[in-house]
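An overview of the molecular structure
These are the residues of each chain, in order.
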Amino acid sequence: PPRLPRRLGSPHPPRHSTGLDQPLCSLSSAGPTSAATSGWSVGTVVGVARAAGVSVARGSRALNGRPGVSAMTARRVLGLADALGYSPNEIARSLVAKTTRTIALLLPDIPNPLFPELVKGVQTVADERGHALLLADSSDRPDKILRDVEVLRRKQVDGLIFISQNTDYQGV
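**Here we look at the side chain of aspartate 148**
- In this fold, aspartate 148 is placed in helix H6 (residues 142–154).
- Residue aspartate 148 is classed as buried on the basis of its relative accessible area, which comes to 12%.

So, in structure tokens, the structure goes:
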């Protein structure tokens, strides 16, 4: 059977350390450190959950404001997340959500005076909808257009706005 931690004043020391006698985390100029954080990155969900003493699933629920976490645990997880410099991993989120929230604008000639206003309008709409915008210059060369489109496809952009002066792009 598991041993309970000793009661105050008990003459028998515990067989193992509960970790409660050590600080959870200390911040120094070198960043967050603690015996509990060695071996994993503190700025991740796993790091925050381990520092808070909860499962990764519970830590994730607390960080995302989902049910199933007590208010006290949520406050502890959120406080540690802030102290440890946690920020969500957008790549991981995009894998789960199956969306990158990114669109690409492929132009034939960025310096062309017609395009700055277009770029500004596309950027405004992307911002309003919570999307990032990638901008690429194809130089209106078929080989570069095909290469750029392939790169953007591999990056799994959610949409592509493609402008060209040519109409001879059968591979796109």
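From this point, the narrative continues.
**What to know about H6**
- Counted at 1.5 Å a residue, the expected span for H6 with its 13 residues is 18 Å, and the 18 Å between its end C-alpha atoms agrees.
- Within the sequence span of H6, burial applies to Lys144, Ile145, Asp148, Val149 and Leu152. Down the axis of H6, the sector holding all buried residues measures 130 degrees, keeping them to one side. Counted as exposed and oriented over 90 degrees from the buried face of H6: Arg153 and Arg154.
- Where H6 ends, the next residue or the one after it, glutamine 156, has phi of about 60 degrees, a positive value.

**Quick word on the confidence of the model for the protein**
- When pLDDT is averaged along the protein, the result is 77, and 72% of the positions lie at 70 or above.
- Low confidence marks residues 1–38, where pLDDT is under 50. Its contacts with residues over four positions away, or in another chain, come to 26 contacts.

**A few points about the nonpolar core**
- By size, the foremost hydrophobic cluster in this structure holds 13 residues, and its most contacted members are Val48, Ala52, Val54, Ala62, Val77, Leu80 and Leu84.
- Elements supplying a minimum of two residues to this core: helix H1 (45–52), helix H2 (56–63) and helix H3 (71–84).
- Per-element accounting of this core gives the leading share, 5 residues, to H3.
- Not counting residues within four places of it along the chain, the set of residues in contact with alanine 62 comprises Val69, Ala74, Val77 and Leu78.
- Counting 8 residues, the second-largest nonpolar core is a separate cluster that includes Leu105, Val119, Val122 and Leu133.

Scoring rules and cut-offs
Throughout this description, residue numbers start from 1 for each chain and increase along the sequence as written. Note on the predicted model: pLDDT of at least 70 is required for a residue's local features to be given, and 80 or more for side-chain atom pairs to be given and counted; whole-chain, interface and lining totals, by contrast, use all residues. For side-chain calculations, the full set of non-hydrogen atoms in the structure is used, while hydrogens and water are omitted. Secondary structure elements are taken from DSSP: a helix is a run of H or I of four residues or more, a strand is a run of E of two residues or more, and numbering for both begins at the N terminus. Under the scheme applied here, a residue whose accessible area is under 20% of the maximum for its type counts as buried, over 50% as exposed, and between as partly exposed, the area being computed with a 1.4 Å probe on protein chains only. To estimate how far a helix should reach, multiply one less than its number of residues by 1.5 Å. To obtain the arc, one takes the directions from the helix axis to the C-beta atoms. By definition, pLDDT measures how confident the predictor is in each residue, and it falls between 0 and 100. Residue contacts are defined here by distance: any two heavy atoms, one from each residue, within 4.5 Å place the two residues in contact. By nonpolar core we mean a set of buried residues, namely Ala, Val, Leu, Ile, Met, Phe, Trp, Tyr and Cys, connected to one another through side-chain atoms within 4.5 Å.

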